[in-house]
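# Structural description and commentary
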Amino acid sequence: MALDQQRNWTISMADNLDQSKRRGGKVKGAQQGNNKSETLGEQGSDQTADDVTSRPTINPIYLPDEIILQILEYISHTRESQKTLASCCLLSHQWLDAATPLLYARPYLYGKNYDPFVRAICPSINLHVRKSPLSELVKVLNMAALVHQGSKSLTARLLGRTKGSLEEFVAPVASFAMNCLPALSKCRRLRVLDLSLVSESPPVPDLFRTVAHLEELRTFRLPRSAGFGGSIHNRPPPALTWPPNLQDLSLSGGIDAHFLHGVVAFPQTLRSLTIEHCPLAKGFALNHMLRTAIRPLKSLESISIRYMPRLSSHALDDLLFLLPQIRRLSISVDYITPALFDGEGHYDALKSAVIDGDHTLGWTTENPNPLTNGPLQHQNLHYLELTNSGNPGVEDKISPIDIMIAIDEGVLPKLRQVRVAKSLLWHSSSTASDAEALADVLQEASKRDWETRSEEFRGINTEEGERRRVW
């Protein structure tokens, strides 16, 4: 009896719902206006309001997965795209499957979304209890925007969960410590390791033992708080082993005379070197390192030096001719004078090089003996960047005229790009005309390269180059 009552109740409610829909359709059809009804009547149609409302809706257009992936790849390269990808995940199961890997590949982490992200990647403290499949999607873990969020153990847990797929890691300011090193050593696919923001650096020997066997690591930025100096008994630090395939190194921290006098041998694969924020480094020790440890690096193409408070105002005047192989130079004007571009004023550096047995320092085969045969030529420098480390009174140390003279005298025959910090005031009324003249000289030189298809213009399509005016 109870079952019959329940069946009757269900049937009656379904009938009532069906009647309510019909009445709603009739009211809706009546509210659409007399004009529409008269038009239907004039056409002789017998359709009622029920027929109109019961017409099936058109199915949405199906897009192949390949097209959806192309759309998502196009919009997934900016921080603002994170909200867009999250909205795409709510459209359908197809869009969810396509957008989720891109949403978690490069998450933009900040204060509000950090805790939800951690709960998604680490649903349980114990990995064997509950594993999240989302952890295998994370390729870039950038925690630079986090200051006091999370803890050191939480950072270590995130590294442990994402170690199988992680390719780039930027450490946070306060929540990276010694307990993160075991998980970091298992990130076999890691290509970029940026520890520059870490406020309390782990011991340098332990840090190097962690990264020494990471064969995929290409970019390594050391903490500013790293200590490289000797012990309290003035003993040199232990020998350090670099990653085998390192190409881009940012050196900072407590570098002192022990380090700069050749304790550490740089890897031969190095292509770019940045030395900055080293408050203990002095000029004589830095020049010794340039001459003995950096000059033999034949693959080195780019060097950048800035924020070195103990260097004198002319400490790096010999830099160009100590490193003839570099193509890109970024240097603070605090440590140089116009003598940097003087092809006849570096005989002291050359004499020391000849004494060391190096006969290829900054001169060409046409000028085999630069001690007696005229000015030197730096045959590789293509890009020059002048920065300012914040010291007052350095705005007028280097002017556009100094660089133009070096180009006219043939000291820098390959120089094509010059980039200058705005704080050096080259845009002021007293210097703007000289800066424009330098720009014209560089552009004319680039146009000559284009006409001869030399330097960076080799292999460029002629029609496309003329249209873009690549010079």
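Refer to the structure presented above.
Scope of this entry: the structure provided in the associated data block. (Residues numbered from 1 in each chain as written. Predicted model: local features only at pLDDT ≥ 70, side-chain atom pairs only at ≥ 80, totals over all residues. Heavy atoms only, no water.)

## Concerning helix α6 (residues 93-105)
Relative to the 18 Å expected for 13 residues at 1.5 Å per residue, α6 spans 19 Å between its end C-alpha atoms, a close match to the ideal helical length. Taken as a whole, α6 has its buried residues at W95, A98, A99, T100, L102, L103, Y104 and A105. Considering only its buried residues, α6 is in contact with α4 (65-75), α5 (81-88), α7 (111-121) and β1 (140-142). (Helix = DSSP H or I, 4+ residues; strand = E, 2+ residues; numbered from the N terminus. Expected span 1.5 Å × (residues − 1). Buried < 20%, exposed > 50% of the residue type's maximum accessible area, 1.4 Å probe, protein only. Contact = heavy atoms within 4.5 Å.)

## Some details on the sheet that holds β1
With parallel pairing, the ten strands of this open sheet are ordered in space as β1-β2-β3-β4-β5-β6-β7-β8-β9-β10. Where the open sheet ends on each side, the last strands, each with one partner, are β1 and β10 (417-420). Each strand of the sheet is rotated relative to its neighbour by a mean of 5°, with strand direction disregarded. Direction of pairing for strand β7 (residues 302-306) relative to strand β8 (residues 328-332): parallel, over a ladder of four bridges. Within the sheet, the bridge partner assigned to S302 lies in β8 and is R328. (Pairing = 2+ DSSP bridges. Axes fitted to C-alpha atoms, helices over the stretch in contact; angles between N-to-C directions.)

## A look at the side chain of R161
Here R161 shows up in helix α8 (residues 152-162). Buried within the structure, R161 lacks any salt-bridge partner; E136 is the closest side chain of opposite charge, at an N-O distance of 10 Å. Within polar-contact distance, the side chain of R161 engages the backbone oxygen of I121 at 3.3 Å. (Lys, Arg positive; Asp, Glu negative; His and termini not counted. Salt bridge = Lys/Arg side-chain N within 4 Å of Asp/Glu carboxyl O. Polar contact = N/O pair within 3.5 Å; in protein donor to acceptor, adjacent residues only side chain to side chain.)

## Quick look at the packing of α4 against α6
Direction vectors running N to C along α4 and α6 enclose 40°, while the axes themselves pass 10 Å from each other. Viewed along their axes, α4 and α6 adopt a mutual orientation that is oblique. Crossing angle aside, the handedness with which α4 passes α6 is right-handed. The segment α4 lies against α6, with D65, I68, L69, L72 and E73 engaging Q94, W95, A98, A99 and L102. (Parallel < 35°, antiparallel > 145°, perpendicular 65-115°, else oblique. Left-handed = near helix turned anticlockwise from the far one by under 90°.)

## As for the environment of L386
Locating L386 in the fold gives a position in strand β9 (residues 383-387). Judged by its relative accessible area of 1%, L386 falls in the buried class. Separated by 38 residues in sequence, L386 and L424 have C-alpha atoms that sit 8.6 Å apart. Not counting residues within four places of it along the chain, the set of residues in contact with L386 comprises I331, V333, I336, I398, I403, R419, V420, A421, L424 and W426.

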